[in-house]
Amino acid sequence: MNGQVSARAASTSPSSPFVVIVDDDPAVRDSLDSLFRSVGFTTCLFGSPTELLLEQLPDVPGCIILDVRLPGISGLDFQSQLIQRGVELPIVFMTGHGDIPMTVRAMKAGAVDFLAKPFRAQEMLDAVMAAIQRDQQRRSASAALDSLRDAYRTLTSREREVMMHVSSGLMNKQVAGALGLSEITVKIHRGNVMRKMNVRTLADLVRIAEALGIPRS
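These numbers were taken from a predicted model, which means no experiment stands behind them.

1. Things to note about the pairing of strand E4 (residues 62-67)
Right, on to step 1. With six of six residues buried, E4 is to be regarded as a mostly interior element.
Right, on to step 2. Neither face of E4 is exposed, since Gly62, Ile64 and Leu66 on one face and Cys63, Ile65 and Asp67 on the opposite face are all buried.
Right, on to step 3. When strand E2 (residues 18-22) meets E4, the two strands line up parallel, connected through five bridges. For Val19, the partnering residue across the bridge sits in E4 and is Cys63.
Right, on to step 4. Each parallel crossover has a hand, and the one from E4 via helix H3 (residues 75-84) to strand E5 (residues 91-95) is right-handed.

Here you go:
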């Protein structure tokens, strides 16, 4: 069922983790399809990288199972293409012709695991569970960062200036001098910043500033 979410997995909850299987061998695809559906995962089956690029994947935690040797392009080169396209799904490689340099290259590029065929079903399941957990963590971190950015957008330009100076370690009096404001005005802006960014301590504000990439004054 190339390029399609497996119809046999249609009864699975849309929010359940999904596994993308890319292999030009139909027998391998079907075998892995059965394995992953047996533990409740949704599967997406593709016979080539091109088919995957044409498909809209579910917006839920998942991973990609990728054969190293594929028609037209190697799995390692396709991994590079996915990175360039901003596809952040973790990858588990499988191959019958793996070697150490190949493994090192895949892992350095962010692969979760590199399994040599034939592999045991439990080995594949363990690798996929680790990959999905990594994707869940990435998504949680991304959502948290998006929330911080939304809060930061509510700050006025002056409040952003105060936040930059305060998170750099300046005292209210120093901030007042740097911005040409009274110290009481700085205190008011600082209070607004803490409230809008939903933090109670300076340490929390510093961590948020670092996460947002706000430069130090």
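2. A few points about the layout of surface pockets
To find leftover empty space, one rolls a probe the size of a water molecule over the atoms.
Right, on to step 1. What the largest pocket holds in volume is close to 280 Å³.
Right, on to step 2. In terms of lining residues, the largest pocket is bounded by 16 residues, among which Glu55, Gln56, Leu57, Val87 and Leu89 are the most central.
Right, on to step 3. Contributions of two or more residues to the lining of the largest pocket are made by helix H2 (49-53) and helix H5 (121-153).
Right, on to step 4. Classifying every residue of the lining of the largest pocket by side-chain character gives 10 nonpolar, one polar and five charged.
Right, on to step 5. Considering only enclosed or pocket space, the second largest pocket measures out at about 160 Å³ in volume.
Right, on to step 6. Taken together, 13 residues line the second largest pocket, and the ones lying closest to its centre are Glu88, Leu89, Pro90, Ala109 and Gly110.
Right, on to step 7. Secondary-structure elements contributing two or more residues to the lining of the second largest pocket are H3 and H5.
Right, on to step 8. Top contributing element to the lining of the second largest pocket by residue count: H3, with three residues.

3. Considerations on the packing of aromatic side chains
Two aromatic rings, taken as a pair, are described by how far apart their centres are and by the angle between their planes.
Right, on to step 1. The full count for this structure, using the stated rule, is one aromatic pair.
Right, on to step 2. Residues Phe93 and Phe114 carry aromatic rings whose centres are separated by 5.8 Å and whose planes lie at 35 degrees to one another, so their mutual orientation is tilted. Here Phe93 is found in strand E5, whereas its partner Phe114 is found in strand E6 (residues 113-116), with 21 residues between them in sequence. Each member of the pair, Phe93 as well as Phe114, carries the same accessibility label: buried.

4. Quick notes on the pattern of salt bridges
Right, on to step 1. In this structure the tally under the stated criterion is 14 salt bridges.
Right, on to step 2. Its salt-bridge partner being Asp33, residue Arg37 comes within 3.2 Å of it at the nearest N-O pair. Taken together, the positions of Arg37 and Asp33, both in helix H1 (residues 26-37) and four residues apart, correspond to about one turn of that helix.
Right, on to step 3. The class for Arg37 is partly exposed, based on a relative accessible area of 26%.
Right, on to step 4. With its nearest N and O atoms 3.2 Å apart, the salt bridge here joins Asp67 to Lys117. With Asp67 in strand E4 and Lys117 in the loop between E6 and H5, this residue pair connects regions lying 50 residues apart in the sequence.
Right, on to step 5. On the basis of relative accessible area, Lys117 is assigned to the partly exposed category, the value being 31%.
Right, on to step 6. Salt bridges linked by common partners bring Asp59, Glu88, Asp135, Arg138 and Arg139 together as one network.

What counts, and where the lines are drawn
- Residues numbered from 1 in each chain as written.
- Predicted model: local features only at pLDDT ≥ 70, side-chain atom pairs only at ≥ 80, totals over all residues.
- Heavy atoms only, no water.
- Buried < 20%, exposed > 50% of the residue type's maximum accessible area, 1.4 Å probe, protein only.
- Helix = DSSP H or I, 4+ residues; strand = E, 2+ residues; numbered from the N terminus.
- Pairing = 2+ DSSP bridges.
- Right-handed = clockwise from strand over helix to strand, strands pointing away.
- 1 Å grid on protein atoms, 1.4 Å probe; cavity = no way out; pocket = protein on both sides within 12 Å on 5 of 7 lines; lining within 4 Å.
- Points joined across faces, edges and corners; volume = space filled by probe spheres on them.
- Nonpolar A, V, L, I, M, F, W, Y, C, P; charged D, E, K, R; others polar.
- Phe/Tyr/Trp six-rings, centres within 6.5 Å; stacked < 30°, edge-to-face > 60°.
- Salt bridge = Lys/Arg side-chain N within 4 Å of Asp/Glu carboxyl O.

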